[in-house]
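# Analysis of the macromolecular model
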Amino acid sequence: MRNRKEAGGYFEKLKIVLIVLSIFAAVKMLFFAFGLDEEYQLVMAYRNVKGDKLFLDMWEPHQSSALLCALLMRPYLAVCGETGVVVWLRFCGTLIHLGMSMYLCRTLRRMISGDSAFLLGLIYFNTIPKQIMLPEFGMMQVWFLTLLSLFLIQYYDIDVRNKGRSVSAADGNAGKKKYLIFAAFALVLEVLSYPSCLILYFFVMWIVWRRSGKRRFADMGIFTGICAVCGIVYLALLLRHNTLEGLFDTFFSIVNGDITHSLTFMDKLVSLGRDLLVPAGICLGIFVPAKAGAGISMKIWKG
């Protein structure tokens, strides 16, 4: 019992240290982070705020992801001007990422212990796709995929501690239907962040088919209907300043102008394998110390 109390005390102190180090890392990212995609995202958002029209004046492949940065940039430019806008967007990105980490931690507490959920939330906060905290398409892709996953988890009320038992709206709990609706909007925002993420729709349909039971067709219809309506509204907004023919011409020009589409299939596989080496190394670097730390903790706990 004494060893357990001591282990708990050590862990509380460790949590404080980890939080302080995370704060230092976040502050450092506000003033010293930089990357090519940051300037790219800033320019797209700035052009959009200043009046350039999507898929008409702008030909950037990732221009649909400029939405969030443009929304955050517009009030700042109106009040403070251009000076400091980069730090402002980094600060907003940090707050959004912190909120995502806290929401992840809160949701995971239903599935695992509070300490484990805290550590996973902290890892999420300190793990970003690039050395950029600004809301660019890579960060947005991570955020909205996280939301999509968490909303589906809550819709199906997955309880790992009770052998994966699921009590969803399909089982009569209509109050959880909102999570299916939220998941649909999260997928819409995910596709706007990175259009090729449209492929996730088919994986979500497979999940709904497997988990929703007798209400699978109704749930698939709700999810698909929301996505379709959002797509139609977005297309209508684009057609306010363009024609359908002009929109397709711009789209195909963007695709044909992207150098990645000139690569052969084997070139793409080699490039993908090379890109996977870094995250694989990071995951291994996290897993090995975590496994060792868990083993030591268990010995102390049982001791």
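Residues numbered from 1 in each chain as written. Predicted model: local features only at pLDDT ≥ 70, side-chain atom pairs only at ≥ 80, totals over all residues. Heavy atoms only, no water.

Quick look at helix α2 (residues 36-49) now. The terminal C-alpha atoms of α2 lie 20 Å apart, and with 14 residues this matches the ideal 20 Å at 1.5 Å per residue to within 8%. Three or more residues of α2 are buried, namely Glu38, Gln41, Leu42, Met44, Ala45 and Val49. Buried residues of α2 fall within an arc of 165° about the axis and therefore sit on the same side. For α2, the secondary structure elements touched by its buried residues are α3 (66-80), α4 (85-108) and α6 (137-155). Phi turns positive one or two residues past the end of α2, at Gly51, with a value near 115°. (Helix = DSSP H or I, 4+ residues; strand = E, 2+ residues; numbered from the N terminus. Expected span 1.5 Å × (residues − 1). Buried < 20%, exposed > 50% of the residue type's maximum accessible area, 1.4 Å probe, protein only. Arc of directions from axis to C-beta. Contact = heavy atoms within 4.5 Å.)

Counting through the fold element by element, Ala25 comes out in helix α1 (residues 2-32). Here Ala25 falls in the partly exposed class, since its relative accessible area comes to 32%.

Now for the side chain of Ser193. Within the secondary structure layout, Ser193 lies in helix α7 (residues 177-193). Residue class for Ser193 comes out buried when judged on its relative accessible area of 0%. Beyond its immediate stretch of four places on either side in the chain, Ser193 contacts Ser65, Phe137, Met140, Gln141 and Phe144.

Looking at the protein, the pLDDT average stands at 82 and 85% of residues meet or exceed 70. Low pLDDT, under 50, characterises residues 159-170; the stretch is placed with 31 contacts to residues that sit more than four places away or in other chains. (pLDDT = per-residue confidence, 0-100.)

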